[in-house]
Amino acid sequence: MMGEDRRLAAVVALAQGMAAAHGSREAWRAAAAGACRALGGSFAALSVWERELGWLRVLVNVGELAEGEEEFPEDEAYPVHQFAEITEFLHEQWAGGGEPDAWVETAEGPAAGQPGYCHQRVAALRRRGRGCCVVAPIVLHGRAWGELYVARPAGEAVFDRDDADFATVLASVVAAGLAQTERLEEARRLAFTDSLTGLANRRAVDVRLEQAIERHRRDDAVVSLVVCDLNGLKRVNDTHGHAAGDRLLERFGSVLSLCGAMLPGALAARLGGDEFCLLAVGPPADQVVKAAGELCRRAAELDLGDGVACGVASTEDPIGPVRSARRLFRLADAAQYRAKAERADRPVVAGRAGPDDPVVRLADEPSTEEGGERRRFRGRHAP
């Protein structure tokens, strides 16, 4: 039996591991690995109860994996009716006023005096060469969320009641860590999401564009940016009210998302006001231009507004070296500005108007206000 000091240290290590995780997957791995070490197991898994599907889905496996097991399985899930304790046992024992206690299963059958015996678990232990397991329900926000599972190989000491009680404590620590991870992920989501359209926001674009240009410099990856200005938003606001303007922004955001799906991995974003963009890394420039053309076509068919002005800049086109995110953004923005000035019903593409392309010239000129087709580029991308 593990001493109290060692158990306290194990609990602290588990909590610290989850707190240091970046994202859900790391938190799941830290939870399972920490519980496995704390209980002296050789294998551990964390599973979630997907109520709407009736599945107990495995999120992560750690330790000594048996044949067919993966660290982050894509499709390892089991019908809940095969593991009735997640519903029946929790409902009868915990919701009825008791505690969500852990229990032990062995390859020889149920451990003496323990509820939750499940012959599917026993069969799985035998099939994978494990001698016993301890299963601890995880309760999050007052509801059964899933379970923590830790196993030992055949021939090693069987988990006892003391181990099961400790597993219950560990499951509570895991639940607290999962709740913290949810809060952090929600905060990150809000920080990088436009609240009206649900698209990415300017901050997300800045981060992703910097990363994309780094890939371009390192691996010569094709990076393309489509910048869009939604026409007629002010008229809609003035004529029909801001609620109608918001509906136009939302509907165009949906169209942008749909056209962005034509480009694998593309990021669809609202930069602010009536400005939107698509960022694509990998697809050829012609494919991006085609998606932008479809965006123009669909935007023109919206009941509200007057279509969209679209500008495209891609490192695959003759636009000169692109060593910074700022330059690619300026090129796409200049192309969009030209499309708006010309009332173009199709995208304007930087670099495709010959050796003296006016879009490239506009983007590379100083942005001071001096006659002609000059404009002050917005935000942090201004020189």
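Rules of the game
- Residues numbered from 1 in each chain as written.
- Predicted model: local features only at pLDDT ≥ 70, side-chain atom pairs only at ≥ 80, totals over all residues.
- Heavy atoms only, no water.
- Core = buried A, V, L, I, M, F, W, Y, C linked by side-chain atoms within 4.5 Å.
- Buried < 20%, exposed > 50% of the residue type's maximum accessible area, 1.4 Å probe, protein only.
- Helix = DSSP H or I, 4+ residues; strand = E, 2+ residues; numbered from the N terminus.
- Contact = heavy atoms within 4.5 Å.
- Pairing = 2+ DSSP bridges.
- Axes fitted to C-alpha atoms, helices over the stretch in contact; angles between N-to-C directions.
- Phe/Tyr/Trp six-rings, centres within 6.5 Å; stacked < 30°, edge-to-face > 60°.
- Lys NZ or Arg CZ within 6 Å of the ring centre and 35° of its normal.
- Salt bridge = Lys/Arg side-chain N within 4 Å of Asp/Glu carboxyl O.
- Expected span 1.5 Å × (residues − 1).
- Polar contact = N/O pair within 3.5 Å; in protein donor to acceptor, adjacent residues only side chain to side chain.
- pLDDT = per-residue confidence, 0-100.
- Parallel < 35°, antiparallel > 145°, perpendicular 65-115°, else oblique.
- Left-handed = near helix turned anticlockwise from the far one by under 90°.
- Nonpolar A, V, L, I, M, F, W, Y, C, P; charged D, E, K, R; others polar.

1. Some details on the nonpolar core
Moving on, step 1. In this structure, Leu46, Val134, Ile138, Leu148, Leu170 and Val174 are the most contacted members of the largest nonpolar core, which totals 43 residues.
Moving on, step 2. For this core, the elements supplying multiple residues, two or more each, are helix H1 (4–19), helix H2 (24–38), strand E1 (43–50), strand E2 (55–63), strand E6 (130–140), strand E7 (143–153) and helix H5 (161–191).
Moving on, step 3. Residues contacting Leu148, with those up to four places away along its chain left out, are Ala31, Ala32, Ala35, Ala45, Leu46, Val134, Val135, Ala136, Ile138, Leu170, Ala171 and Val174.
Moving on, step 4. Core analysis: the next-biggest nonpolar cluster, separate from the first, contains 32 residues, Cys277, Ala309, Leu331 and Ala335 among them.

2. Topic: the sheet that holds strand E9 (residues 267–272)
Moving on, step 1. One open sheet accounts for five strands, arranged E9-E10-E8-E11-E12; its pairing is mixed. Because the sheet does not close on itself, it has two edges, and the strands there are E9 and strand E12 (348–349).
Moving on, step 2. Direction of pairing for strand E11 (residues 308–314) relative to E12: parallel, over a ladder of two bridges. By the bridge assignment for E12, Gly311 is matched with Val348.
Moving on, step 3. On the sheet, helix H8 (residues 242–260) packs against strand E8 (223–230), E9, strand E10 (275–281) and E11 and is oriented at approximately 15° with respect to E10.
Moving on, step 4. Contacting E8, E9, E10, E11 and E12, helix H10 (residues 325–341) runs over the sheet at an angle of about 145° to E11.

3. Comments concerning the environment of Val134
Moving on, step 1. Positionally, Val134 belongs in strand E6.
Moving on, step 2. The class of Val134 is buried, set by a relative accessible area of 1%.
Moving on, step 3. Along the chain, Val134 and Arg161 lie 27 residues apart, while their C-alpha atoms are 9.6 Å from each other.
Moving on, step 4. Excluding its chain neighbours within four sequence positions, the residues that come into contact with Val134 are Leu39, Ala102, Trp103, Val104, Leu148, Tyr149, Val150, Phe159, Ala164 and Ala167.

4. A word on the packing of aromatic side chains
Moving on, step 1. As enumerated under the stated definition, the model contains two aromatic pairs in all.
Moving on, step 2. Between the aromatic rings of Phe43 and Tyr149, the centroid separation amounts to 6.2 Å while the plane-to-plane angle is 75°, which identifies the pairing as edge-to-face. With Phe43 in strand E1 and Tyr149 in strand E7, the pair connects residues that are 106 residues apart, well separated along the chain.
Moving on, step 3. Using a relative accessible area of 2% as the deciding quantity, one classes Phe43 as buried.
Moving on, step 4. Summarising the aromatic geometry, the rings of Phe252 and Phe276 are spaced 4.9 Å apart at their centres and angled 75° between planes, so their arrangement reads as edge-to-face. One end of the pair, Phe252, is in helix H8; the other, Phe276, is in strand E10, with 24 residues separating them in the sequence.
Moving on, step 5. Here Arg130 stacks its cationic end above the ring of Phe43, 3.7 Å away from the centre of that ring.

5. Details of the pattern of salt bridges
Moving on, step 1. Summed over the entire model, instances satisfying the criterion amount to 25 salt bridges.
Moving on, step 2. A salt bridge links Lys340 to Asp229; the shortest N-O distance between them is 2.7 Å. In this pair, Lys340 is assigned in helix H10 and Asp229 in strand E8, connecting sequence segments 111 residues apart.
Moving on, step 3. By relative accessible area, which is 8% here, Asp229 ends up buried.
Moving on, step 4. Between Asp303 and Arg251 there is a salt bridge, and its shortest N-O distance comes to 3.8 Å. Of this pair, Asp303 sits in the loop between helix H9 (285–300) and E11 while Arg251 sits in helix H8, and the two are 52 residues apart along the sequence.
Moving on, step 5. Given the relative accessible area of 66%, Asp303 is considered exposed.

6. Side note on H5
Moving on, step 1. Under the 1.5 Å per step criterion, the end-to-end length of H5 is 45 Å for 31 residues, consistent within 8% with the ideal 45 Å.
Moving on, step 2. The backbone nitrogen of Asp162 lies 3.1 Å from a side-chain oxygen of the residue at the head of H5, namely Asp160.

7. Describing the confidence of the model for the protein chain
Moving on, step 1. In this model, the protein chain carries an average pLDDT of 86, and 87% of its residues clear a pLDDT of 70 or more.
Moving on, step 2. Under a pLDDT of 50 for its full length, residues 89–97 has, in the predicted model, 19 contacts with residues more than four places off or in other chains.

8. Some thoughts on the packing of H1 against H2
Moving on, step 1. Between H1 and H2, the shortest axis-to-axis distance is 8 Å and the interhelical angle comes to 170°. Put simply, H1 runs roughly antiparallel to H2. Crossing hand, H1 versus H2: right-handed. Across the interface between the two elements, Ala10, Leu14, Gly17 and Met18 from H1 touch Ala27, Ala30, Ala31, Gly34, Ala35 and Ala38 from H2.
Moving on, step 2. Here the residues of the contact of H1 with H2 are counted per class, giving eight nonpolar, two polar and no charged.

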